[in-house]
Amino acid sequence: MNCQNCKTITEEGYSLCATCELRFAGTLLRLARDVTPLHDSLDATLHPGGHSPTRIQTATPPTPIRLDVLDLIDMLDATARELWHRLDGIDALDWRKDKRNEDLMATLIACAGHPKLTTVADAGLYMHVINDLARKVDTVLDPPEQRREIGNCELCETMLTAGAADQWVTCPVCGREQRAQTVKLRRLKTLCWDDSERGSAADISKAFAVSGLKVSRKTITTWEQRGKLPRHADGYAYCDVYRLLIGPDLTKSVR
Ligand SMILES: [Zn+2]
Ligand SMILES: [Zn+2]
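The shown structure was predicted, so the numbers you read here are calculated from the model rather than taken from an experiment.

Student: Break down the nonpolar core for me, citing the residues and quoting the values.
Tutor: Leu16, Phe24, Leu28 and Met127 are the most contacted members of the largest nonpolar core, which totals 23 residues. Residue contributions to this core peak at 7 residues, all from helix 1 (residues 18–41). For leucine 16, the contacting residues outside a window of four places in its chain are Cys3, Gln4, Asn5, Thr10, Glu21, Phe24, Thr118, Ala123, Gly124 and Met127.

Student: Requested: an account of the packing of helix 1 against helix 3 (residues 104–112), with residues and values cited.
Tutor: Close contact between helix 1 and helix 3 brings their axes to 8 Å; oriented N to C, the two are set at 165°. One way to sum up the angle between helix 1 and helix 3 is to call them roughly antiparallel. Every pair of crossing elements has a handedness; the one defined by helix 1 and helix 3 is left-handed. From helix 1, Ala25, Leu28, Leu29, Leu31, Ala32 and Val35 reach across to helix 3, where they touch Leu104, Met105, Leu108, Ile109, Cys111 and Ala112. For the contact of helix 1 with helix 3, the residue count by class is 12 nonpolar, no polar and no charged.

Student: If you had to explain helix 1 to someone new, which residues and values would you point to?
Tutor: A rise of 1.5 Å per residue sets the reference length of helix 1, with its 24 residues, at 34 Å; its end C-alpha atoms lie 34 Å apart and thus fit the reference within 8%. In helix 1, a bend of some 40° at valine 35 exceeds every other bend along the element, and proline 37, a proline, comes one to four places later. All of the buried residues along helix 1 are Cys20, Glu21, Phe24, Thr27, Leu28, Leu31, Ala32, Asp34, Val35, Leu38 and Ser41. The elements touched by buried residues of helix 1 are helix 2 (67–87), helix 3 and helix 4 (123–141).

Student: Can you tell me about helix 4, naming the residues and giving the values?
Tutor: The end-to-end C-alpha distance of helix 4 is 26 Å, a good match for the 27 Å that 19 residues give at a rise of 1.5 Å each. For helix 4, the set of buried residues is Ala123, Gly124, Tyr126, Met127, Ile130, Val137, Asp138 and Leu141. Down the axis of helix 4, the sector holding all buried residues measures 145°, keeping them to one side. Close packing links the buried residues of helix 4 with helix 1 and helix 2.

What counts and what doesn't
Residues numbered from 1 in each chain as written. Chains lettered and ligands numbered in written order. Predicted model: local features only at pLDDT ≥ 70, side-chain atom pairs only at ≥ 80, totals over all residues. Core = buried A, V, L, I, M, F, W, Y, C linked by C-beta atoms within 7 Å. Buried ≥ 20, exposed ≤ 12 C-beta atoms within 10 Å, placed from the backbone. Helix = DSSP H or I, 4+ residues; strand = E, 2+ residues; numbered from the N terminus. Contact = placed C-beta atoms within 7 Å. Axes fitted to C-alpha atoms, helices over the stretch in contact; angles between N-to-C directions. Parallel < 35°, antiparallel > 145°, perpendicular 65-115°, else oblique. Left-handed = near helix turned anticlockwise from the far one by under 90°. Nonpolar A, V, L, I, M, F, W, Y, C, P; charged D, E, K, R; others polar. Expected span 1.5 Å × (residues − 1). Bend = angle between axes of the 7 residues up to and from the residue. Arc of directions from axis to C-beta.

Okay, here's the thing in structure tokens:
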């Protein structure tokens, strides 16, 4: 059998491979952790700042409740309960037989740890729906200004954005999931291996910072003043800055 999510070969009787099972369970647990911040985000007069609960927005909005967040919680609740019924073999039409009176958070955690999570026939479909909801929750909890562009999708070239703590990003256009670090490094590689890529000191500093390389704007202009770094009509070459940045260490380690 093939994993319904990533198409690698899985054991007979399993709808998801071990890697996708871990990620599916991880997403469910992450959503369980997000239930409280989500409820806090309902109040439109007080912006708790989602994953960073220190920011407060005092302006009075037109409605006291954020309806988009309410809809999202409803959708998450319905999906989590449906998944639980599916896992526990309760017929969807017979849902009244479900005597559990668990809240959303407990239901999500129960699903994540359910032994049938990967053997249920449509696990891949549920993983897809849950990933989609998780992405929407992230958008509510991490306001767009906290997410930044990290590089292009490996499949469709769409610019992807991610929060600082995101390990995985899902392309909003083609749905491809990819590791955030891989996207960042690929971007850095394209920038540094193509010697026609130019940018201002600020552009380069920002692009490198996203990939985890620290070089300040000031350092770049100082290099130019000292004659180490040529400045072209359209800016500095990323590859020149990159070579200066890693160069000294490389020569040291060769010696
Ligand atoms: Zn898989
Ligand atoms: Zn894509």
